[in-house]
Amino acid sequence: RELQEELGINLPKDAFEFVFTFLQQNVINDGKFINNEFADVYLVTTLNPIPLEAFTLQQTEVSAVKYIAYEEYKNLLAKDDPSFVPYDVNGGYGQLFNIISQRYKENTMERSLTLQKQLRRYAHVSLNAELAGLSDADKEALVLVIKAATVMDEIFYLQVWYSNPVLRDWLKEHADASELDKLKWMYYLINKSPWSSLDENEAFLTTADSAVKLLPDATKPVNGWKGLEYKASFPLPKPPGANFYPPDMDKMEFELWKSSLTEKQQEDATSFFTVIKRRSEFNLDSSLSGHIVDATNHSVGSIYDLYSVPYSEEYNSYLTRASELLHKAGDMASSPSLKRLLHSKADAFLSNNYYDSDIAWIELATFEAFIGIRDDKATAQVKLFGDNLQVLEQNLPMDNAYKSKDVIAAPIRVIQLIYNSGDVKGPQTVAFNLPNDERIVKDRGTSMVMLKNVSEAKFKNILRPIADVCIRKEQQELVDFDSFFTHNICHECCHGIGPHSITLPDGRQSTVRL
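Residues numbered from 1 in each chain as written. Predicted model: local features only at pLDDT ≥ 70, side-chain atom pairs only at ≥ 80, totals over all residues. Heavy atoms only, no water.

Compared with the 22 Å implied by 1.5 Å per residue over 16 residues, the 22 Å span of helix α14 (residues 336–351) between its first and last C-alpha is a close match. Looking one or two residues beyond α14, the residue adopting positive phi is N352, at roughly 70°. (Helix = DSSP H or I, 4+ residues; strand = E, 2+ residues; numbered from the N terminus. Expected span 1.5 Å × (residues − 1).)

Attention now goes to the nonpolar core. Soluble globular proteins tend to bury their nonpolar side chains together. Core analysis: the biggest nonpolar cluster contains 30 residues, and M152, Y315, L326 and F349 have the highest contact counts within it. Broken down by secondary-structure element, the contributors of at least two residues to this core are α5 (136–160), β8 (306–310), α13 (316–332), α14 and β9 (370–374). For this core, the leading source of residues is α5, giving 10 residues. Listed in part, the 28 residues of the second largest apolar core include A378, V407, F484 and I497. (Core = buried A, V, L, I, M, F, W, Y, C linked by side-chain atoms within 4.5 Å. Buried < 20%, exposed > 50% of the residue type's maximum accessible area, 1.4 Å probe, protein only.)

Right, let's talk about the environment of M450 for a bit. For M450, the position within the fold is in strand β12 (residues 447–451). With relative accessibility at 0%, the residue M450 sits in the buried group. C-alpha separation for the pair M450 and T379, spaced 71 residues apart in sequence, amounts to 8.9 Å. Ignoring any residue separated from it by four or fewer positions in sequence, one finds M450 in contact with I412, R413, V414, I415, V430, A431, F485, N488, I489 and E492. (Contact = heavy atoms within 4.5 Å.)

Once that is clear, we can look at the packing of α5 against α13. Here α5 crosses α13 at 165°, and the two axes come no closer than 8 Å. By the angle between their directions, the pair α5 and α13 is classed as roughly antiparallel. Handedness of the α5/α13 crossing: left-handed. Residue composition of the contact of α5 with α13, grouped by class: 16 nonpolar, no polar and six charged. (Axes fitted to C-alpha atoms, helices over the stretch in contact; angles between N-to-C directions. Parallel < 35°, antiparallel > 145°, perpendicular 65-115°, else oblique. Left-handed = near helix turned anticlockwise from the far one by under 90°. Nonpolar A, V, L, I, M, F, W, Y, C, P; charged D, E, K, R; others polar.)

Our next topic: the packing of aromatic side chains. All told, the structure shown has 23 aromatic pairs when counted by the stated rule. Ring centres of F16 and Y42 lie 6.5 Å apart, and the angle between their planes is 90°; on these two criteria the pair is classed as edge-to-face. Of this pair, F16 sits in the loop between α1 (2–7) and β1 (17–28) while Y42 is found in strand β2 (residues 33–43), placing the two residues 26 residues apart along the sequence. The class for F16 is partly exposed, based on a relative accessible area of 25%. A network of ring pairs unites the aromatic residues F20, F22, Y73, F84, Y87, Y93 and F97 as a single cluster. Positioned above the aromatic ring of Y162 is the side chain of K13, whose terminal nitrogen or guanidinium carbon lies 4.3 Å from the ring centre. (Phe/Tyr/Trp six-rings, centres within 6.5 Å; stacked < 30°, edge-to-face > 60°. Lys NZ or Arg CZ within 6 Å of the ring centre and 35° of its normal.)

Next up on the list: the state of the cysteines. This model, assessed by the stated rule, comprises zero disulfides. Residue C490 stays outside any disulfide, its sulfur separated by 6.1 Å from that of C493, the closest cysteine. On the basis of relative accessible area, C490 is assigned to the partly exposed category, the value being 35%. (Disulfide = S-S within 2.5 Å.)

For the coordinates displayed, the defined rule picks out 24 salt bridges. Here D169 and R168 are joined by a salt bridge, their closest N and O atoms 3.0 Å apart. Given the relative accessible area of 43%, D169 is considered partly exposed. Here R168 falls in the buried class, since its relative accessible area comes to 18%. (Salt bridge = Lys/Arg side-chain N within 4 Å of Asp/Glu carboxyl O.)

It is worth spelling out the side chain of E17 at this point. Topologically, E17 is positioned in strand β1. For E17, a relative accessible area of 0% corresponds to the buried category. A distance of 2.9 Å separates polar atoms of two side chains, one belonging to E17 and the other to R103. In contact with E17, other than residues within four places in its own chain, are V41, Y42, L43, R103, T207, S233, F234, P235 and L236. (Polar contact = N/O pair within 3.5 Å; in protein donor to acceptor, adjacent residues only side chain to side chain.)

What follows covers the sheet that holds β12. With mixed pairing, the four strands of this open sheet are ordered in space as β9-β10-β12-β11. The outermost strands of the open sheet, each flanked by one partner alone, are β9 and β11 (431–434). Sheet twist, expressed as the average angle between the axes of neighbouring strands with direction ignored, equals 40°. Bridge count between strand β10 (residues 412–420) and β12: four bridges; the pairing is parallel. (Pairing = 2+ DSSP bridges.)

The structure is reproduced here in structure tokens:
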């Protein structure tokens, strides 16, 4: 808004890269103006300078616009040049110059070597599964389920950060431009974002690596100039709320907004299956796109800037495609329980009610974005663990008051993974224990899925090499896959026991998660 008011430039939110917050303290205008505030600093990266005649200046706020090398600007600030608003370059504001210097003076060879080293930490393996036991109809259903799972990837890229899909497409398109561009694309494919999973989510890319977008109408027109070209931005620190919440929303703002809602609206606001947005951003995006948008759901009756949107609405175009594919797969599947799972999940995508589909998942095997073929022999071998969860519950090292008296035996399925998508970036999981919905845990228990071929790959490529270094030679024969796999099963069993629903000191019922 300030950019539009003072310089006449209209930019969407993906043009603004948040870089840091600093405490601004100064006294100017002969002591008449005292400044003492926290200031958020955003960086906009344009491909070329905006022509000076494209600006529309707010005369009461801006006297002139000029271009200046950042080193020269830093020196003028350091000398307290009276022509410029004062900033302490040795204080918080000085970070800006360090960021720009590091970003644009990087050694290409050094960066390529770093990415090569990061890539070498991952082992590439081929996963296989026996499909002989499937009928022709089931094989056709499997193809449709995998097509639906690819849609989950598209949604996940968007859930990570709003400019992430544009970054992905740009890196893919330019992967053959140089060796460095190829390495960027290869490492991005593993992490599905510009943040490295194995490095505490440290960014391995910057906005300088991102996609170029053209805005012909961002300013007033200038003859011979096609318009403003900018880089779609992302912050260096990975946003803890991803794209599920406004990045500048804090807990206090959320709680104040939530307290103004009805009980049903509060359930929506804290649901697993909604995103939280800002009305002000909705209105800005609508005005920039030039489209007249029905904003009735987003603007009435609240003094607060936040509103919630169900997944079924936010990702409607994607989920409609996935739903159609799952319904077709459900029609073809031979197993009644698999039919029920696929149809109920397809319905849930569009209704935003996942209770029935999660119940169906409990009664069967694994879906969401993991697709596998069940290993019946291995599944039979691990049944012992799921049947004895009540025994494990009673022996937990905690007060008996917190122990459940009726733990439901958890079905454990061992599968050979053939495809996964969505939130499967970086290091791969060997098992999962679902669902998260406490209502279903109470009614039906949990269901564990062990990915045997992934476990075998981890044992061969990670545990065995570590054992060769750390274990005495005469004991190395005792390091075997069955022991490793049993340990993983015991770990997963622990997710299904312990308190899920709890009573608070005031007598109210709640959940551990909440």
